[in-house]
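Coordinate analysis (summary)
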Amino acid sequence: MSLWVIQRDLLLAMRRRSDVLTTLFFFIIVVSLFPLGVGPEINILRTMAPGVVWVAALLASMLSLGRMFSSDYLDGTLEQMLLSPQSLSMLVLGKALAHWLVTGVPLVLMSPVLGIQYDLSADALLVLTASLLLGTPVLSLIGAIGAALTLGLRGGGVLVSLLVLPLYIPILIFGAGAVEASAAGLGAGAHLSLLGAFLLASLVLAPWATAVSLRISME
Amino acid sequence: MSILQGSDLECVRGDRRLFRDINFSLNAGELLQVHGPNGSGKTSLLRMLCGLATPAHGKICWHGTDIRSLKGDYYGAITYLGHLSGVKDDLTAIENLRISSALAGVEIEAKKAHEALQHMGLGGRELLPAKVLSQGQRRRVALARLLVCGTVLWILDEPLAALDSAAVKLMQTLLEQHLGKGGMVVMTTHQEIDITTGATQRLQLT
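Fair warning: this is a prediction, and the values are worked out from it, not measured in the lab. (Residues numbered from 1 in each chain as written. Chains lettered and ligands numbered in written order. Predicted model: local features only at pLDDT ≥ 70, side-chain atom pairs only at ≥ 80, totals over all residues. Heavy atoms only, no water.)

Residues and elements named next belong to chain B. Across chain B, pLDDT averages 88, with 100% of residues at or above 70. The weakest mean pLDDT in chain B belongs to strand E9 (residues 199-204) at 84; the strongest belongs to strand E7 (residues 153-157) at 92. Here the predicted complex scores 0.89 on pTM and 0.87 on ipTM. (pLDDT = per-residue confidence, 0-100. Helix = DSSP H or I, 4+ residues; strand = E, 2+ residues; numbered from the N terminus.)

Written out as structure tokens, the structure is:
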């Protein structure tokens, strides 16, 4: 299995902690800027909270996508991955999960604290965290496809945002929608189920698409 | 039938044809040395042999089957060392070796990794991060993989680059032992290397 790939990427992340912290601080700062800019009108803040947190999470997870494959590409490890007798899709899945553990999980853990700035109720905070927990792995999995397609291109960082951000739209709609629905008394169940479905579909399809893209990029 | 066979291989880069009609066959215990000036397509040929690049024409067969359809079975039988050695700056020599061999499908214990690094002349430096090692020492870390992987076919792109004369001698013994055990080697090198065991073929690219 690809457990040791996850282990390796976590080890590398530990040795370069600054990269991990940049993503987290970017998220915290973007989310905190809005109340300062919009002003302390509690009703407006409450309405915009889920959207702001989710957009910040999308941008934060984009920020580190470039690094997902590029360092392995530059030092030749990626060639060795392509030549591994193990399935490339499983290796990619391992790398995407490691990316989520390093960039997604800290955002999920931080979001309830940031939600307090927007005066969200305890229920809304819970739904927000749950939606991020289901949604952020999808961001890493879809992002991996974009990162693989733009590998080795000049200005790949901008290109990857143009490729990947449109694909993030459904996650954004249902992620932020879950909190609004629960605030409106409709219950967040439907939205969360859809996010779960996105997660399952991307778990199956994204590693395969990424593996194909990597083989094309490396040729 | 030969174990590794390339027939009518052609390589095109952009609108330039690097080589065409390349034929070779390799049997157990044989070494294929690829010669040619810079830019003649040596690395391209080696990348084709590993299946990283597709030839514009012709095919490469392993035990009579196209390597394109073998995939994982073929990858398990080869070790490729390219220009980029796949050594991570932030990992120690021993972590690098253990991880790269796990990637090649062979999980090794710390003790075995220690022995391999010692053999490559890196004793006492196993726990240093690769970024403080010299170019030649990083190359040795990459080459240590050959000791532990136990594959049949080695595809080596300039394995002697940045190595000192003691390490070149070490590589020579390593290659001779491998060929003596019935292994196969395809390599490019600008340095002269004397291999006495097994049959040596030369392939000249223009």
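To continue, consider the pattern of salt bridges. Going through the model one piece at a time under the given rule, you end up with 17 salt bridges over all chains. A salt bridge links Arg-8 of chain A to Asp-9 of chain A, with the nearest nitrogen and oxygen atoms 2.9 Å apart. For Arg-8 of chain A, a relative accessible area of 3% puts it in the buried group. Arg-15 of chain A serves as the salt-bridge partner of Glu-95 of chain B, at 3.0 Å between the closest nitrogen and oxygen. Highlighted residues: Glu-95 of chain B in helix H4 (residues 93-103) and Arg-15 of chain A in helix H1 (residues 3-15), drawn from two different chains. If you follow the salt bridges from partner to partner, you end up with Arg-8, Asp-9, Asp-72, Asp-75 and Lys-95 of chain A together with Lys-88 of chain B in one network. (Salt bridge = Lys/Arg side-chain N within 4 Å of Asp/Glu carboxyl O. Buried < 20%, exposed > 50% of the residue type's maximum accessible area, 1.4 Å probe, protein only.)

A few words now on empty space enclosed by the protein. In total, this model carries three cavities of 30 Å³ or more according to the counting rule given. By volume, the largest cavity is sized at about 90 Å³. Broken down by secondary-structure element, the contributors of at least two residues to the lining of the largest cavity are strand E6 (78-81) and H4 of chain B. Take the lining of the largest cavity: its biggest share by element is three residues, from E6 of chain B. Considering only residue class, the lining of the largest cavity consists of six nonpolar, four polar and one charged. Here the second largest cavity defines a volume of roughly 70 Å³. Broken down by secondary-structure element, the contributors of at least two residues to the lining of the second largest cavity are helix H5 (77-82) of chain A together with H4 of chain B. Looking at the lining of the second largest cavity element by element, the count peaks at four residues for H4 of chain B. (1 Å grid on protein atoms, 1.4 Å probe; cavity = no way out; pocket = protein on both sides within 12 Å on 5 of 7 lines; lining within 4 Å. Points joined across faces, edges and corners; volume = space filled by probe spheres on them. Nonpolar A, V, L, I, M, F, W, Y, C, P; charged D, E, K, R; others polar.)

To continue, consider the packing of helix H3 (residues 42-63) of chain A against helix H8 (residues 156-183) of chain A. All names here are of chain A. Where H3 contacts H8, the two axes come as close as 9 Å, and the packing angle between them is 150 degrees. Between H3 and H8, the angle is such that the two are roughly antiparallel. Crossing handedness for the pair H3 and H8: right-handed. On H8, the residues that touch Thr-47, Pro-50, Gly-51, Trp-54, Val-55, Leu-58, Ser-61 and Met-62 of H3 are Val-160, Ser-161, Val-164, Leu-165, Tyr-168, Ile-171, Leu-172, Gly-175, Ala-176, Val-179 and Glu-180. In the contact of H3 with H8, the residues fall into 13 nonpolar, five polar and one charged. (Axes fitted to C-alpha atoms, helices over the stretch in contact; angles between N-to-C directions. Parallel < 35°, antiparallel > 145°, perpendicular 65-115°, else oblique. Left-handed = near helix turned anticlockwise from the far one by under 90°. Contact = heavy atoms within 4.5 Å.)

This part takes up the sheet that holds strand E2 (residues 16-26) of chain B. Neighbouring strands of a sheet are bound in pairs by backbone hydrogen bonds; such pairs are parallel or else antiparallel. Residues and elements named next belong to chain B. Strand order in the open sheet formed by four strands is E2-E1-E4-E5, and the pairing between neighbours is antiparallel. The sheet is open, and its two borders are formed by E2 and strand E5 (65-66), each paired with just one other strand. The sheet contacts of helix H1 (residues 42-50) involve strand E1 (4-13), E2 and strand E4 (57-62), and relative to E1 the element is tilted by about 130 degrees. (Pairing = 2+ DSSP bridges.)

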